[in-house]
Amino acid sequence: MTFTRQGTCLFRPQFGILYRHAVPMGTTANEEMNRFWAKNNKLNRPMSPHLTIYKWSMPMMMSITHRGTGVGLSGGISAFALLALVLPGNYPYYLDLIHSLSVGPALLGLAKFGIAFPLSYHTLNGIRHLFWDSGKGFKIPEVYRSGYVVIALSILTSIAAISYM
């Protein structure tokens with residue numbers, strides 16, 4: 001069998017070791033995965049550990065939350081901008097529509113917190129990451145301390161923003 005790619009024959013002796021590891025052209029990803037798992041089973045290699053074996057820690061949860069708030073904020077802003085372009089009417093019309101729903105203060109406060117907390121958390125945790133970029137705060141006690149400070153300040157700034165609105 002000869003493996004070729006744009007006129008280069010990898011079966012020739014001058015290519016030595018290359019032809020033994022070349023993948024035949026035209027194989028599918030499924031065939032490659034089957035070949036990969038068959039080789040690993042034959043060599044009795046262990047499977048990589050999954051998320052279930054890790055003990056969840058506060059820095060791990062904060063990292064996941066930071067990524068989630070970033071995706072949520074960018075998605076929310078993009079959706080808001082798209083709706084502002086596509087929907088008929090103007091901003092005061094939709095603001096009056098929301099006021100006419102007569103939602104209770106508890107639900108309104110929860111909605112405000114749902115907007116304020118991700119914004120304040122992502123901003124404050126981003127500042128924490130900027131300190132890390134300068135090489136400060138990498139000792140484990142400092143990581144936990146700065147994490148608790150970010151969480152506390154995020155809650156406090158969110159509550160302050162809600163009470164101001």
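What counts as what
- Residues numbered from 1 in each chain as written.
- Predicted model: local features only at pLDDT ≥ 70, side-chain atom pairs only at ≥ 80, totals over all residues.
- Heavy atoms only, no water.
- UniProt positions renumbered as here; feature names shortened; annotations may be inferred.
- Helix = DSSP H or I, 4+ residues; strand = E, 2+ residues; numbered from the N terminus.
- Expected span 1.5 Å × (residues − 1).
- Buried < 20%, exposed > 50% of the residue type's maximum accessible area, 1.4 Å probe, protein only.
- 1 Å grid on protein atoms, 1.4 Å probe; cavity = no way out; pocket = protein on both sides within 12 Å on 5 of 7 lines; lining within 4 Å.
- Points joined across faces, edges and corners; volume = space filled by probe spheres on them.
- Nonpolar A, V, L, I, M, F, W, Y, C, P; charged D, E, K, R; others polar.

Per an unreviewed UniProt entry, the protein goes by Succinate dehydrogenase cytochrome b560 subunit, mitochondrial and derives from Hucho hucho. Of the comments in the UniProt record for the protein, the one headed Subunit (unreviewed entry) reads "Component of complex II composed of four subunits: the flavoprotein (FP) SDHA, iron-sulfur protein (IP) SDHB, and a cytochrome b560 composed of SDHC and SDHD." The heading Pathway (unreviewed entry) in the UniProt record of the protein holds the text "Carbohydrate metabolism; tricarboxylic acid cycle."

Draft legend 1. Structural view of helix α5 (residues 140–164). Taking 1.5 Å of rise per residue, the 25 residues of α5 would be expected to cover 36 Å, and the 36 Å separating its terminal C-alpha atoms lies within 8% of that figure. Taken together, the buried positions of α5 are occupied by Val143, Gly147, Val150, Ser154, Ser158 and Ile162.

Draft legend 2. Broad picture of unusual backbone geometry. Although it is not a glycine, asparagine 44 adopts a positive phi angle of roughly 55°. Mapped onto the elements, asparagine 44 comes out in the loop between α1 (29–42) and α2 (58–86). Not every positive phi belongs to a glycine, and serine 102 is a case in point at roughly 55°. Along the chain, serine 102 falls in the loop between α3 (91–100) and α4 (105–133).

Draft legend 3. Broad picture of the layout of surface pockets. Considered as a void within the structure, the largest pocket measures approximately 730 Å³ in volume. What lines the largest pocket is a set of 20 residues, and nearest its centre among them are Phe80, Tyr91, Tyr94, Leu95 and Ile98. Every element with two or more residues in the lining of the largest pocket is listed here: α2, α3 and α4. Its residues assigned to classes, the lining of the largest pocket shows 15 nonpolar, four polar and one charged. Estimates place the volume of the second largest pocket at around 190 Å³. Forming the boundary of the second largest pocket are Leu124, Ile127, Arg128, Phe131, Trp132, Lys136, Gly137, Ser146, Val149, Val150 and Leu153.

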